[in-house]
Amino acid sequence: MVSKPNRRTVLGATAGAVLTGVFTAPASATAPASAAALAETSGHVTVHSPNGRLRMTVLIVNGRLVYQVVCHGRVLVAPSGLGLDLAGLPSLTSGLAVKSVARRTIDESWRPLWGPDARVRNHAREAVVRTVHAASGIRLDLVVRVFDDGVGFRYHLPAQAGLDTCTVTAERTEFALPPSATSWSLAAGTDWNADERHYRRAQLSDVKTAQTPLTSVTPDGQYIVVHEAALIDYPSMTLAADSTRPGAFTSELISLPDGTKARLAGEFSTPWRTLTIGDRPGDLAESHLIENLNEPCALADTSWISPGTYVGVWWELQRRHTTWTAGPRHGATTERVKQYIDLAREAGASHVLAEGWNTNAGGQWTDQDFLTPQPDFDLPEVLRYARDNGIGFTAHNETRGFVDHYDRHLDTIFARYAELGIHAVKTGYATKFVLGGVNRSHFDQEAVRHYQRVIDTAARHQIMIIAHEAIKPTGLARTYPNMMTSEGVAGMEQQNHMGRLGNPPEQATILPFTRFMGGPADYTPGVLNVTWDPAALGTRVQTTSAAQLALYSLFFSPLQMLADTPEDYRSHPGFAYLKDMPASWDETRFLDCVIGDYTVAARRKGDTWYLGAITDEQDRTLRVPLRFLGPGRHRAEIYRDAADTSWHDNPLPIDIRTTTVRSSAVLTLRLVAGGGTAIRFRPVRS
């Protein structure tokens, strides 16, 4: 059993402590603008990565904490200021002096309950820099961890007299990045769908605001992702450009309705501010830095948590073939959900989702009863049928932003689900977030607290969560593995709403290195009949069918949807590839990737590998070495676009062939624009 983590403490801050020096500097509120100014200071603390590739230096300059990050001897993050502003107190961006430094090395391996890799190494060097504000006596610690693939740092307010409670009015963390770097980002926002937009490519100096993760590559090929880890009881961090320093950003926290940022009590540690750093895009996608900055599993019993694929009444609702609301075209009827249960059994899926099953789902979504089914949905019969077929039921709880109502009934709802044997819930918060009687941002501190209450309550009742319109992932699934997956992405439903303005093919080549850096996404791939338009909406999925299959190797989710309908799957030859598709993996490799152009990735489960390759709006021919395969011969089942496939005009044809390969082989993949290739490799038994 691992004790439940406490945001108020810093893990191991004093373990192996060594006093490394005490230094002070004159008080001032400004940070240096160059490395030259850095060198003029009288002392510093440098933390190296275990392999020596990275180093982060922390020092006091004119009374302010400042840091710099160097990789391969080159400055990646120029001198950048740190600090907090607390209401009614002197700013902790000046007047600080270092009192002591404690160091330790972390080196452990752990096994995720589910994930892209079966074993994760957590190897970092840590320093806790303890400072004091000379005039007020306020103590502020900076905790730094440097890994081979990046750095994380956080503020810690120790327990101290006169600071039992405080209000954060601003966080002053700076990130002075190379201004000529190319970046991929979303504009910062407070709306419920701020994370559900398309990533834009721009020179970093032209970016004014950004959600995190913010991904960039320097002219000399160094990749950097700015994000955060372990977001608990604190607002989401966005970034605002510094108008005086191109490429430099300051943290901008999502405000509470009164304009303040966060209300803290007692000893407190903020989320980690993270920089994932790699020499190639694949280094980013393969990194476990965000997870490693979260605490170990807090749940004593995890036997009930099970990754897998799921099907359900969803895409047909999006396409307006059926409705959420009661009536003659209601989708989630007893008969229809049974058809999806049959599909789940055939596909080897573990769960079936029913959206629109409960009273008052659809329409205005008001006064929903998440326990009482609609008249044409026999919940006991559906649960019996699912149970007899070895399939779990996922209940949809779309709050529509009436969060106070949901909060009041949360424990009752989940307790009843547990009694019924329902162990998975998909939550939703579309359009608004009325909490505490106030319509607020989905991403402020009180919203973050609500999402945590859902996770905690669900864990008590052994329920797994799929969260839509919720806060971005920050690796918390390591601590709370029942938080399986979340949206926070322009997923498949965007293809339904926006047609040719839906997700352009290049978006899928960007997401593994941006949105997925924080954790899994419920993108809901797998729509094979990409042109299906039963309601004549004039919209369609902006890929070929083969590209949809390839996404299962590129997009990770431990509850991964097979999003199409029973009829469309059974009529499409590509369905064979999705049968028994793993949702948790033993090994992941991102092989050949150019962000925004193409991506090739392979994942292994047992002795079987699944490879996916996609391209943007351009035809491409890629050569893929198969060195990742084990010894011996392998049967390659290849699902690719047919010779006459065209993303715009003829996206459905798929060519399936089988060949035998060895790890010494190099495959040539010809990808049509908006298309892809999916391959399953199985060892040939002699």
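Residues numbered from 1 in each chain as written. Predicted model: local features only at pLDDT ≥ 70, side-chain atom pairs only at ≥ 80, totals over all residues. Heavy atoms only, no water.

Describe the overall build of the protein chain, listing the residues and the values that go with them.
If you tally the helices and strands in the protein chain, you get 13 helices and 40 strands. Relative to the 2.2 N^0.38 estimate, which gives 26 Å for 686 residues, the radius of gyration of the protein chain is 25 Å and therefore close to what a compact globule would have. On the principal axes, the C-alpha backbone points of the protein chain span a range of 75 × 60 × 45 Å. Within the protein chain, buried positions represent 62% of all 686 residues. (Helix = DSSP H or I, 4+ residues; strand = E, 2+ residues; numbered from the N terminus. Rg over C-alpha atoms; globule rule 2.2 N^0.38 Å. Buried < 20%, exposed > 50% of the residue type's maximum accessible area, 1.4 Å probe, protein only.)

Now, about the sheet that holds strand 38 (residues 654–661): what can you tell me, with residues and values included?
Strand order in the open sheet made by the 6 strands is 33-34-35-40-37-38, with antiparallel pairing throughout. The two strands at the open ends of the sheet, each matched to only one other strand, are strand 33 (587–594) and strand 38. Across the sheet, the mean angle from the axis of one strand to that of its neighbour is 15°, orientation sign disregarded. Examined bridge by bridge, strand 37 (residues 634–641) and strand 40 (residues 676–683) share 7 bridges and lie antiparallel to one another. (Pairing = 2+ DSSP bridges. Axes fitted to C-alpha atoms, helices over the stretch in contact; angles between N-to-C directions.)

Account for the packing of aromatic side chains, with residues named and values stated.
Any aromatic ring pair is given by two values, namely how distant the centres are and how the planes are angled relative to each other. Per the counting criterion, the structure on display carries 23 aromatic pairs. Pairing Phe433 with Tyr451 gives two aromatic rings, centres 5.6 Å apart and planes at 65°, and the pair type is edge-to-face. Taken as a pair, Phe433 in the loop between strand 27 (424–428) and strand 28 (434–435) and Tyr451 in helix 8 (residues 445–460) lie far apart in primary sequence, 18 residues in all. For the pair shown, Phe433 and Tyr451 are each scored as buried. One aromatic cluster is present, built from ring pairs that chain together Tyr577, Trp585, Tyr610 and Tyr639. The lysine or arginine in question, Lys338, covers the ring of Tyr385, its NZ or CZ lying 5.1 Å from the ring centre. For Arg515, the ring lying beneath its charged end belongs to Phe516, and the centroid distance is 5.8 Å. (Phe/Tyr/Trp six-rings, centres within 6.5 Å; stacked < 30°, edge-to-face > 60°. Lys NZ or Arg CZ within 6 Å of the ring centre and 35° of its normal.)

Let's hear about the sheet that holds strand 5 (residues 84–86): which residues, and what values?
The strand order 5-10-19 describes an open sheet built from 3 strands, whose pairing is antiparallel. Looking at strand neighbours, the two that pair on one side only are strand 5 and strand 19 (262–265), the edges of this open sheet. Mean inter-strand twist for the sheet, computed between neighbouring axes without regard to direction, equals 40°. Where strand 10 (residues 165–171) and strand 19 come together, 4 bridges link them in antiparallel fashion. By the bridge assignment, Cys166 is partnered in strand 19 with Leu264.

Describe in detail helix 7 (residues 403–420), supporting the description with residues and values.
Taking 1.5 Å of rise per residue, 18 residues should cover 26 Å, and helix 7 covers 24 Å from first to last C-alpha, within 8% of that figure. Its buried side turned inward, helix 7 meets strand 25 (369–373), strand 26 (392–398), strand 27, strand 28, helix 8 and strand 30 (464–467). Gly421, located one to two residues past helix 7, shows a positive phi value of around 85°. (Expected span 1.5 Å × (residues − 1). Contact = heavy atoms within 4.5 Å.)

Quick rundown of the confidence of the model for the protein chain? Include the residues and the values.
Caution applies to low-pLDDT regions: their predicted coordinates should not be interpreted in detail. Per-residue pLDDT for the protein chain has a mean of 93; in total, 93% of the residues score no lower than 70. In the model, residues 1–33 has pLDDT below 50 throughout and makes 101 contacts with residues more than four positions away in sequence or in other chains. Here residues 35–42 is modelled with pLDDT under 50, and outside its nearest four sequence neighbours on either side it reaches 11 contacts, counting other chains as well. (pLDDT = per-residue confidence, 0-100.)

Lay out the pattern of salt bridges with the relevant residues and their values.
The full count for this structure, using the stated rule, is 43 salt bridges. In this structure, Arg74 engages Asp220 in a salt bridge whose closest nitrogen and oxygen atoms are separated by 2.8 Å. Placement of the pair is Arg74 in strand 4 (residues 74–81) and Asp220 in the loop between strand 15 (214–217) and strand 16 (223–229), with a sequence separation of 146 residues. Judged by relative accessible area, Arg74 falls into the partly exposed class, the value being 36%. Looking at Asp220, the relative accessible area reads 47%, which means it is partly exposed. Where Arg449 meets Asp233, a salt bridge forms, and the shortest distance between an N and an O atom there is 2.5 Å. Here Arg449, found in helix 8, pairs with Asp233, found in the loop between strand 16 and strand 17 (237–241); they are 216 residues apart in sequence, far enough to count as distant. (Salt bridge = Lys/Arg side-chain N within 4 Å of Asp/Glu carboxyl O.)

Describe the layout of surface pockets, and please don't skip the residues or the numbers.
The calculated volume of the second largest pocket comes to roughly 380 Å³. Around the second largest pocket sit 22 residues that line it, and Gln318, Arg400, Ala430, Glu469 and Glu493 are the ones nearest its centre. Looking at the lining of the second largest pocket, the elements with two or more residues in it are strand 26, strand 27 and helix 9 (492–498). Of the residues contributing to the lining of the second largest pocket, the split by class is 5 nonpolar, 9 polar and 8 charged. (1 Å grid on protein atoms, 1.4 Å probe; cavity = no way out; pocket = protein on both sides within 12 Å on 5 of 7 lines; lining within 4 Å. Points joined across faces, edges and corners; volume = space filled by probe spheres on them. Nonpolar A, V, L, I, M, F, W, Y, C, P; charged D, E, K, R; others polar.)

I'd like to hear about the nonpolar core, residue by residue, with values.
Proteins that are soluble and globular tend to have nonpolar side chains buried together. By size, the foremost hydrophobic cluster in this structure holds 173 residues, and its most contacted members are Tyr67, Leu275, Phe393, Phe414, Tyr417 and Leu578. In this structure Phe393 touches His351, Val352, Ala354, Phe377, Leu379, Val382, Leu383, Ile422, His423 and Ala424, once residues within four positions along its chain are discounted. (Core = buried A, V, L, I, M, F, W, Y, C linked by side-chain atoms within 4.5 Å.)

Describe in detail the packing of helix 7 against helix 8, supporting the description with residues and values.
Interhelical geometry of helix 7 versus helix 8 gives an angle of 10° and a closest axis separation of 9 Å. With respect to helix 8, the element helix 7 is oriented roughly parallel. Contacts between helix 7 and helix 8 involve Val403, Tyr406, Asp407, Leu410, Asp411 and Phe414 on the former and, on the latter, His450, Arg453, Val454, Thr457, Ala458 and Arg460. Taken together, the residues of the contact of helix 7 with helix 8 break down into 6 nonpolar, 2 polar and 4 charged. (Parallel < 35°, antiparallel > 145°, perpendicular 65-115°, else oblique.)

So what's going on with the environment of Leu256? Which residues, and what values?
Structurally, Leu256 can be placed in the loop between strand 18 (248–253) and strand 19. It is 50 Å that separates the C-alpha atoms of Leu256 and Leu669, two residues lying 413 residues apart in sequence. Here Leu256 is in contact with Lys261, Ala262, Arg263, Arg440, Asp444, Gln445 and Glu446, once residues within four sequence places are set aside.

Summarise unusual backbone geometry; cite the residues concerned and give the values.
The step from Thr212 to Pro213 runs through a cis peptide bond, and the omega angle for that step is 10°. Structurally, the position occupied by Pro213 is in the loop between strand 14 (209–210) and strand 15. Positive phi is not limited to glycine here, since Asn62 has a value of about 50°. Here Asn62 shows up in the loop between strand 2 (54–61) and strand 3 (64–71). A residue is classified by how much of its surface remains accessible, and Asn62, at 32% relative accessible area, is partly exposed. Even without glycine at this site, Asp580 takes up a positive phi of about 60°.

Help me get a handle on the side chain of Thr173, residues and values and all.
Among the structural elements, Thr173 can be located in the loop between strand 10 and strand 11 (174–176). Of the residues examined, Thr173 reaches a relative accessible area of 0% and is grouped as buried. Within the local environment of Thr173, its side chain forms a polar contact with the side chain of Tyr155, the two groups lying 2.7 Å apart. (Polar contact = N/O pair within 3.5 Å; in protein donor to acceptor, adjacent residues only side chain to side chain.)

Give me helix 11 (residues 545–554): which residues, what numbers.
Burial of helix 11 is extensive: 10 of the 10 residues sit out of reach of the surface. Considered for burial, the residues of helix 11 that qualify are Ser545, Ala546, Ala547, Gln548, Leu549, Ala550, Leu551, Tyr552, Ser553 and Leu554.

Kindly report on the packing of helix 5 (residues 334–347) against helix 6 (residues 379–388), identifying the contributing residues and their values.
Running from N to C, helix 5 and helix 6 point in directions that differ by 15°, and their axes come no closer than 10 Å. When the interaxial angle is binned, helix 5 and helix 6 end up roughly parallel. Between helix 5 and helix 6 lies a crossing of right-handed hand. When helix 5 is examined against helix 6, the residues Thr334, Val337, Lys338, Ile341, Asp342 and Arg345 are found in contact with a partner set consisting of Glu381, Val382, Arg384, Tyr385 and Ala386. Each residue belonging to the contact of helix 5 with helix 6 can be placed in one class, and the counts come to 5 nonpolar, 1 polar and 5 charged. (Left-handed = near helix turned anticlockwise from the far one by under 90°.)

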